[in-house]
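Coordinate inspection notes
Each chain, written out:
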Amino acid sequence: MRAFVVCIIFCISCCLPYAARGEDAIVDSVSVRLSFLRGVSELDSALCGNNNTLRRLNDVFADSAYVINSVSVRGSASPEGVFGENNTLASLRSATLAQVVGDISCGIADVDTLRSGIDWDMLSGKLESCQEKWAPKAIEIIDNTPIWVIRENRVVDSRIRRLKRLERGKAWEYMDTIFFPGMRYADCCITRSKKMQDQIPLSAADASVVESEEPVEITPPHLCC
């Protein structure tokens, strides 16, 4: 799905500067998600696996085998309600997750807050696997209709309005029930470097044995992002 692919691409792009230093560290990324109720930006730890997400975050920041390279958060809101308020709500959800990360990491992690809003790519991805006959039309509206349709300096239509009118409102009701709950979230992407083990000094006897052996080709560690 598009939103997932975007997140993965972002995580990979964060890894690239570190991957070039393969001899120093092995880099990977961790992505987690907090879910929210409609119209709410406060954390509910009992909602939709949020407890597992919090435990995962604790484990990541407590893992002494890694050094944290970067942390980014991004919030999302479902499209019902007032458009501007939805964007504000998404930003508040992002801020909530940033605060959670700050508390868990004891302020060590520097959190980068990405632009938040309605995740239209996620909705399009959900519609692509939807079997309802109106799904292709909904995707077309999302792809080809601006957020606001403006003529002669006046707003005459909008993407949300056209979606609400599709199939006389039945499409919107379906999406509100099936798709919108999953769009109320905040994502966190963490890139980290695995610490390399310190070299153990060799004794004089060990060193002489090593020098007498045939040279061995050393393969650099495999990089994963």
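What comes next concerns the included structure. Please read all numbers here as calculations on a predicted model, not as lab measurements.

1. Here we look at the nonpolar core
Leu123, Leu127, Trp134, Leu163 and Met175 are the most contacted members of the largest nonpolar core, which totals 23 residues. Secondary-structure elements contributing two or more residues to this core are helix H4 (120–128), helix H5 (135–144), helix H6 (159–165) and helix H7 (170–178). The dominant element in this core, judged by the number of residues it contributes, is H5, at five residues. Residues within four places of Leu123 in sequence aside, it is in contact with Ile142, Met175, Phe179, Phe180 and Met183. By size, the runner-up hydrophobic cluster in this structure holds 19 residues, among which are Leu34, Leu57, Val100 and Ile190.

2. Thoughts on unusual backbone geometry
A positive phi is found at Cys48, a non-glycine position, where the angle reads about 45°. Its identity is not glycine, yet Glu152 carries a phi of approximately 50°, on the positive side. Looking at where Glu152 falls in the secondary structure, it is placed in the loop between strand E5 (148–151) and strand E6 (154–158). Relative accessible area serves as the criterion here: at 75%, Glu152 is assigned to the exposed category.

3. Let's talk about the pattern of salt bridges
Across all of its chains, the model carries 11 salt bridges by this definition. Of the charged contacts in the structure, one is a salt bridge between Arg38 and Asp176, with a shortest N-O distance of 3.2 Å. Of this pair, Arg38 sits in the loop between strand E1 (26–35) and helix H2 (50–62) while Asp176 sits in helix H7, placing them 138 residues apart in sequence. For Arg162, the salt bridge is made with Asp157, and the minimal N-O distance between the two is 2.8 Å. Residue classification places Arg162 among the partly exposed positions, given a relative accessible area of 29%. What emerges from the salt-bridge pattern is a single network uniting Arg38, Glu80, Asp176 and Arg184.

4. Let's talk about a nonpolar patch on the surface
A surface patch of nonpolar side chains, amounting to about 320 Å² of accessible area, comprises Trp148, Ile150 and Val155. The topology assignment puts Val155 in strand E6.

5. Here's the deal with the environment of Lys195
Along the chain, the position of Lys195 falls in the loop between strand E7 (185–194) and helix H8 (204–212). Along the primary structure Lys195 and Ser64 are separated by 131 residues, whereas in three dimensions their C-alpha atoms are 8.4 Å apart. Other than its neighbours up to four places away in sequence, Lys195 contacts Ser64, Ala65, Tyr66 and Val67. Within the local environment of Lys195, its side chain forms a polar contact with the backbone oxygen of Ser64, the two atoms lying 3.1 Å apart.

6. What about the pairing of E1?
Taken across its 10 residues, E1 has seven buried, putting it largely inside the fold. Pairing of E1 with E7, which is carried by 10 bridges, proceeds in the antiparallel orientation. Paired with Val32 across the bridge in E7 is Cys188.

7. Brief notes about H4
In terms of burial, H4 is a largely internal element, seven of the nine residues being buried. When we look at burial in H4, the residues that qualify are Trp120, Met122, Leu123, Ser124, Gly125, Lys126 and Leu127.

8. Focus: the packing of aromatic side chains
With the rule as written, the count across this model stands at four aromatic pairs. Aromatic pair Phe83 and Trp148: ring centres 5.7 Å apart, planes at 80°, arrangement edge-to-face. You can see Phe83 sitting in helix H3 (residues 83–104) and its partner Trp148 sitting in strand E5, a full 65 residues away along the chain. Plain terms: the ring middles of Trp134 and Tyr174 are 5.4 Å apart, the flat faces sit at 75° to each other, and that makes the pair edge-to-face. Of this pair, Trp134 sits in the loop between H4 and H5 while Tyr174 sits in helix H7, and the two are 40 residues apart along the sequence. Joined through ring pairs, the aromatic side chains of Trp134, Tyr174 and Phe179 make up one cluster.

9. Section: the pairing of strand E2 (residues 66–77)
Bridge analysis of E2 against E7 gives 10 bridges, and the strand direction is antiparallel. By the bridge assignment for E7, Val67 is matched with Ser193. Bridging between E2 and strand E3 (residues 111–113) involves three bridges; their strand directions are parallel. Paired with Ser72 across the two strands is Asp112, which belongs to E3. The pairing of E2 with strand E4 (residues 117–118) spans two bridges and is parallel. The residue bridging Ser76 from the neighbouring strand is Gly117, located in E4.

Cut-offs and rules
Residues numbered from 1 in each chain as written. Predicted model: local features only at pLDDT ≥ 70, side-chain atom pairs only at ≥ 80, totals over all residues. Heavy atoms only, no water. Core = buried A, V, L, I, M, F, W, Y, C linked by side-chain atoms within 4.5 Å. Buried < 20%, exposed > 50% of the residue type's maximum accessible area, 1.4 Å probe, protein only. Helix = DSSP H or I, 4+ residues; strand = E, 2+ residues; numbered from the N terminus. Contact = heavy atoms within 4.5 Å. Salt bridge = Lys/Arg side-chain N within 4 Å of Asp/Glu carboxyl O. Patch = residues over 30% accessible without salt bridge, like charges linked within 9 Å, V, L, I, M, F, W, Y side chains within 5 Å. Areas by Shrake-Rupley, 256 points an atom, 1.4 Å probe, with all protein chains shown as cover. Polar contact = N/O pair within 3.5 Å; in protein donor to acceptor, adjacent residues only side chain to side chain. Pairing = 2+ DSSP bridges. Phe/Tyr/Trp six-rings, centres within 6.5 Å; stacked < 30°, edge-to-face > 60°.

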